Amino acid sequence: MRPVLLVAGALTALFFLSLALGAGRLGTGSDAVWLLAVSRLPRTAAAMLAGAGLAVAGVIMQMLARNRFVEPATVGTGQAAGLGLVAVALLAPGAPLWFRMLVAMASALLATAGFLALVRRLPFRDPLLVPLTGIVYGGILAAVTGFIAYENDLLQYIDIWMNGEFSGVMLGRYEFLWLAGAATLVAYAFANRFTIAGMGEEMSLSLGLSYGQVMALGLAIVSVVTAVTVVTVGMLPFVGLVVPNIASQLRGDHLRRSLPLLASAGAGLVLTCDILGRIIWYPYEIPVGTILGVIGAAVFIWMLQGRRADAG
Amino acid sequence: MRVNVLLIAGAWYVAAALLFLTLGARGDWGFILAFRGQKLLALTVVAAAVAVSTMVFQTITANRILTPAIMGFDALYVLIQTMLVFTLGGAGAFALKGMPMFALETALMIGAAGILFGIMLRRSEDLNRMVLTGIVLGILLRSLSGLLSRLIDPSEYAYVMASSYAQFTNVEGDLLWAATGITITVLALVMLHARRLDVIALGRDNAMILGLEHRREAQRLMVLVTLLVAVSTALVGPIVFFGLLVSAIAYQVAGTWRHATLLPLSALIGAGMLVVCQTLFERVLDLQSNVLVVVEAVGGLVFILLLIRRART
Amino acid sequence: MIRCQNLTFSAGGKRILDAVTADAPPGRITALVGPNGAGKSTLLGLMGRLKEPERGQVMLGAEDAAGIPRPIFARRLTALRQATRITPRLTVCDLVGFGRYPHNPGHLTKEDQRIVEACMTDMALDDLADRQIDTLSGGQQQRALIAMVLAQETEILLLDEPLNNLDLSHARRVMNNLSARSRAGRTIVTVLHDLTIAARFADHVVALKDGRVHAEGSPDEVFTPEVLRELYGAEVEVHRINGKPVILPI
């Protein structure tokens, strides 16, 4: 139980640190309460929800693709959500937020299903080819999006959700992220099924599980979490990759057991990076996506190299 | 047979170049040819540099789905550019603009690439780990550039932005001539290695058994690859999948494994393709968008098709 | 002759070979045997200078192998590695032709062509000469790789499990060919898993276990029930047919 306690403790500390930090001074009285309620608390909650959701989406993605090195932000889910947003901006410029969200979810779902179908056609599920294909697949979607945006002067617009940041989060502008939280709870309820699906279609069938249903549910969770994150705060790389890999080394792949740790570690990572982004260049801010890219990539490379010793 | 393939590719390039120079030209021919000629040269140099560096890199790593760009070489160059602007400041960077800057960047790039990729390639038997490390390293380098560029004054930031997206619109004259010179020299050097590349393609152990100092050869070739990447990135910015597309086509149509044919073939195919795309874009479709974006998307598609086809056989 | 002196090698913090000293007598076939993970392939890799030892030396006669420039070394020693994957799309004839590279880096001479064809005939590859390597079966690929190594015409040949994927008739062909070459004065070191074949063809046996030399000597000395029990942790019977040991698991 110790890692969970440790993470929970760290998370609480980070939570209060995040509340205390900001460009404006936190005074006393009603002003302070107002600042907390409108800005600091929503921002902190947004970071935690996005982090937990993406970590869980990452692990589900890995179970469905049966590969440890994929995550929604690199294999096209996030890019597809962006493509959907650009399409809405062009075809129905005045559409309400919920409609944009819905389109983003739908396109994320389609693209992720497409990726998984592609993975099934790869030779012997070569562990290297899967993430490589995912990155190229995501690259194509990003290129198409970039092309459309460039032709229609929307580059500025896509830049906003290509690079995740929380500085714009305020009361009334982040609530959709609670959907990601809900998706996390759903994932926990069905944790055992995802674990079994991770062992393959044949294993699922022989245990009497409908592989198709689990697949569909997993796809839905991954798309909802990713689309919601992209629309409200922008793309956050590496959370879905680094956190599940570390959690799997600590706790194994039994999701029922590892999900709580996973979700809180994801929340902690994003919150830490957001806090760092607020401190490093004070009083300016560095987007959390950039910090995550640096820290996440560094940790991941360290992990890859570290595995050499026991594999060798 | 081999000569034929090269001749056809050569004809393809010449036809593309003529089309590019003449299509829709009106008015003062001297001006048009000079203007378009310079652009044609830029397209050709970039395509040749990307195609040949990709092919050599694939031979060294005994792998046909990796490219220097996928492994993060381009990202490294952009990071070095950003770091220079960061440390020198906008004024300093502006003072060095053009050739001195390019020389400095390239020198730093060769040093950094030597260290980073030397470490990575030492373990080149473990392909999976090497590739993943490379890809993630690319993301790390890109994020670091992003981080640094946030720390740079917004006014200086514009300078970095201009160099981190691939485009053919703002190639500078001086730089182009230097890049052409370097590219021709490096290509000549690579061609001298053609026979050795045939042996290296058999894999590290086999190459050593056949008497090649594999490590030294690979290092030397890697410096040449780095130079080519530096040239193309300095001219137009990072290009990720184009090299993959060209090398895949070259292997398909070559019908040979000899680098003496493969290398010039891929350069000609790539240059012809880029020129045709640019012609289509500028003259036929009249699009303002960047041709490389489309070439990149097509390159990515080809990559995935290749994988699936390989799975079937 | 090739001699290993005190060779030590580690990978990933694990010691693979620990002060291995062993001889491969000139003009003889030396069989390298031992359980999986004993360090046989690593030892062969060190002898062929494909890996650098931590300590120790490989001697070719009185010369330190590490001091010989590699292009010259490749004319004197060749090695067949296990599980080699050839990426380029080569024909069998092209691949075997690469065996002549150390002697002639340019294009093949008439003499080179003759050697290449002879080696392909030796490995019964005549009908496959123009086939692409990647369209061949595992056994056919193995024979093509052996032919390439033979075409190098070196005084020393190192082979890592040359009989992998080969059927009885081709295994016999390979071993007889190696025998003929050793009688012609070439020194051969080969990893073999089939002890009966090792006993039938080898003149000298080096048995490795856990990165150390467990036993060394003639097949008669090494292939006894006692030595093999310690070496493999398995019970075997050793019979004799025509004076050669035949090893049967119990």
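Residues numbered from 1 in each chain as written. Chains lettered and ligands numbered in written order. Predicted model: local features only at pLDDT ≥ 70, side-chain atom pairs only at ≥ 80, totals over all residues. Heavy atoms only, no water.

- The name an unreviewed UniProt entry assigns to chain C is Iron complex transport system ATP-binding protein, from the organism Puniceibacterium sediminis.
- What UniProt records for chain C under Subcellular location (unreviewed entry) is the sentence "Cell membrane". (UniProt positions renumbered as here; feature names shortened; annotations may be inferred.)

- Chain A carries the name Iron complex transport system permease protein in an unreviewed UniProt entry, which gives Puniceibacterium sediminis as its organism.
- Per its UniProt entry, chain A bears the Sequence similarities (unreviewed entry) comment "Belongs to the binding-protein-dependent transport system permease family. FecCD subfamily."

## Re the overall build of chain C
Inference 1: Of regular secondary structure, chain C possesses 9 helices and 12 strands.
Inference 2: Taken against the 2.2 N^0.38 rule, which gives 18 Å for 250 residues, the C-alpha radius of gyration of chain C at 18 Å falls within 12% of a compact globule.
Inference 3: Its C-alpha atoms put chain C at 50 × 40 × 35 Å along the principal axes.
Inference 4: Per-residue burial over chain C gives 53% buried out of 250 residues.
Inference 5: Within the structure as shown, chain C displays about 10,900 Å² of accessible surface, and the carbon and sulfur contribution to it stands at 48%.
Inference 6: Of the side-chain charges in chain C, 30 are positive and 30 negative, and the distance between the mean point of each set is 2 Å. (Helix = DSSP H or I, 4+ residues; strand = E, 2+ residues; numbered from the N terminus. Rg over C-alpha atoms; globule rule 2.2 N^0.38 Å. Buried < 20%, exposed > 50% of the residue type's maximum accessible area, 1.4 Å probe, protein only. Areas by Shrake-Rupley, 256 points an atom, 1.4 Å probe, with all protein chains shown as cover. Lys, Arg positive; Asp, Glu negative; His and termini not counted. Charge placed at Lys NZ, Arg CZ, Asp CG, Glu CD.)

## Section: the nonpolar core
Inference 1: Counting 256 residues, the largest nonpolar core has Phe 115 and Phe 166 of chain A together with Phe 223 of chain C as the members making the most contacts within it.
Inference 2: When residues in this core are grouped by element, the largest group, 16 residues, is from helix α2 (residues 29-65) of chain A.
Inference 3: Not counting residues up to four positions away in its chain, the partners in contact with Phe 115 of chain A are Met 61, Ala 65, Val 70, Val 75, Val 130, Thr 133, Gly 134 and Tyr 137 of chain A.
Inference 4: Judged by nonpolar contacts, the second largest core, of 31 residues, contains Leu 7, Phe 9, Ala 79 and Ile 156 of chain C. (Core = buried A, V, L, I, M, F, W, Y, C linked by side-chain atoms within 4.5 Å. Contact = heavy atoms within 4.5 Å.)

## Here's the deal with the environment of Gly 139 of chain C
Residue and element names in this part refer to chain C.
Inference 1: Mapped onto the elements, Gly 139 comes out in helix α5 (residues 138-151).
Inference 2: Looking at Gly 139, the relative accessible area reads 12%, which means it is buried.
Inference 3: Measuring from C-alpha to C-alpha, the distance between Gly 139 and Asn 165 comes to 4.7 Å, with 26 residues separating the pair along the chain.
Inference 4: What Gly 139 contacts, discounting residues up to four positions off in sequence, is Asn 165 and Leu 166.

## Considering the sheet that holds strand β2 (residues 14-24) of chain C
All names here are of chain C.
Inference 1: Strand order across the open sheet formed by 4 strands is β2-β1-β4-β5, with antiparallel pairing between neighbours. Across the chains shown, the open sheet's two edge strands, defined by having one partner strand only, are β2 and β5 (63-64).
Inference 2: Here strand β1 (residues 2-11) runs beside strand β4 (residues 55-60); their pairing, made up of 5 bridges, is antiparallel. Bridge pairing in β4 places Gln 5 opposite Gln 57.
Inference 3: Docked against the sheet, helix α1 (residues 40-47) engages β1, β2 and β4, running at close to 120° with respect to β1. (Pairing = 2+ DSSP bridges. Axes fitted to C-alpha atoms, helices over the stretch in contact; angles between N-to-C directions.)

## Some thoughts on the pattern of salt bridges
Inference 1: Inspection of the entire model under this criterion finds 19 salt bridges over all chains.
Inference 2: The salt bridge involving Arg 181 of chain C is made with Asp 122 of chain C; its shortest N-O contact spans 2.9 Å. Of this pair, Arg 181 of chain C sits in helix α6 (residues 168-183) while Asp 122 of chain C sits in helix α4 (residues 110-122); the two residues are 59 residues apart in sequence, bridging distant segments of the chain.
Inference 3: A relative accessible area of 13% places Arg 181 of chain C in the buried class.
Inference 4: Overall, Asp 122 of chain C belongs to the partly exposed group, its relative accessible area being 26%.
Inference 5: Where salt bridges share partners, they join Arg 43, Asp 274, Arg 278 and Glu 285 of chain A into one cluster. (Salt bridge = Lys/Arg side-chain N within 4 Å of Asp/Glu carboxyl O.)

## Focus: the sheet that holds strand β9 (residues 204-209) of chain C
Residue and element names in this part refer to chain C.
Inference 1: Strand order across the open sheet formed by 6 strands is β6-β7-β8-β3-β9-β10, with mixed pairing between neighbours. Single-partner strands in this sheet number two, and they are β6 (77-80) and β10 (212-217). Across this sheet, the average inter-strand angle for adjacent strands is 15°, counted without regard to direction.
Inference 2: As judged from the 4 bridges shared by strand β3 (residues 29-33) and β9, these two strands associate in the parallel manner. Directly across from Thr 30, in β9, lies its bridge partner His 204.
Inference 3: On top of the sheet, α1 reaches β3, β6, β7 (156-160), β8 (187-191) and β9; it is set at about 150° to β7, its chief contact.

## What to know about the pairing of β6 of chain C
All names here are of chain C.
Inference 1: Burial of β6 is two-sided: the residues Leu 77 and Ala 79 facing one way and the residues Thr 78 and Leu 80 facing the other way are all buried.
Inference 2: Pairing of β6 with β7 involves 4 bridges; the strand directions are parallel. From the neighbouring strand, Ala 79 faces β7, where its bridge partner is Leu 158.

## Describing empty space enclosed by the protein
Inference 1: Summed over the entire model, instances satisfying the criterion amount to 6 cavities of 30 Å³ or more.
Inference 2: Here the largest cavity is characterised by a volume of approximately 120 Å³.
Inference 3: Surrounding the largest cavity, 15 residues form its lining, Thr 59, Arg 64, Ala 201 and His 259 of chain B together with Pro 88 of chain C being those nearest its centre.
Inference 4: Those elements that provide at least two residues to the lining of the largest cavity are α2 (29-60) and α12 (259-284) of chain B.
Inference 5: The class makeup of the residues in the lining of the largest cavity is 7 nonpolar, 6 polar and 2 charged. (1 Å grid on protein atoms, 1.4 Å probe; cavity = no way out; pocket = protein on both sides within 12 Å on 5 of 7 lines; lining within 4 Å. Points joined across faces, edges and corners; volume = space filled by probe spheres on them. Nonpolar A, V, L, I, M, F, W, Y, C, P; charged D, E, K, R; others polar.)

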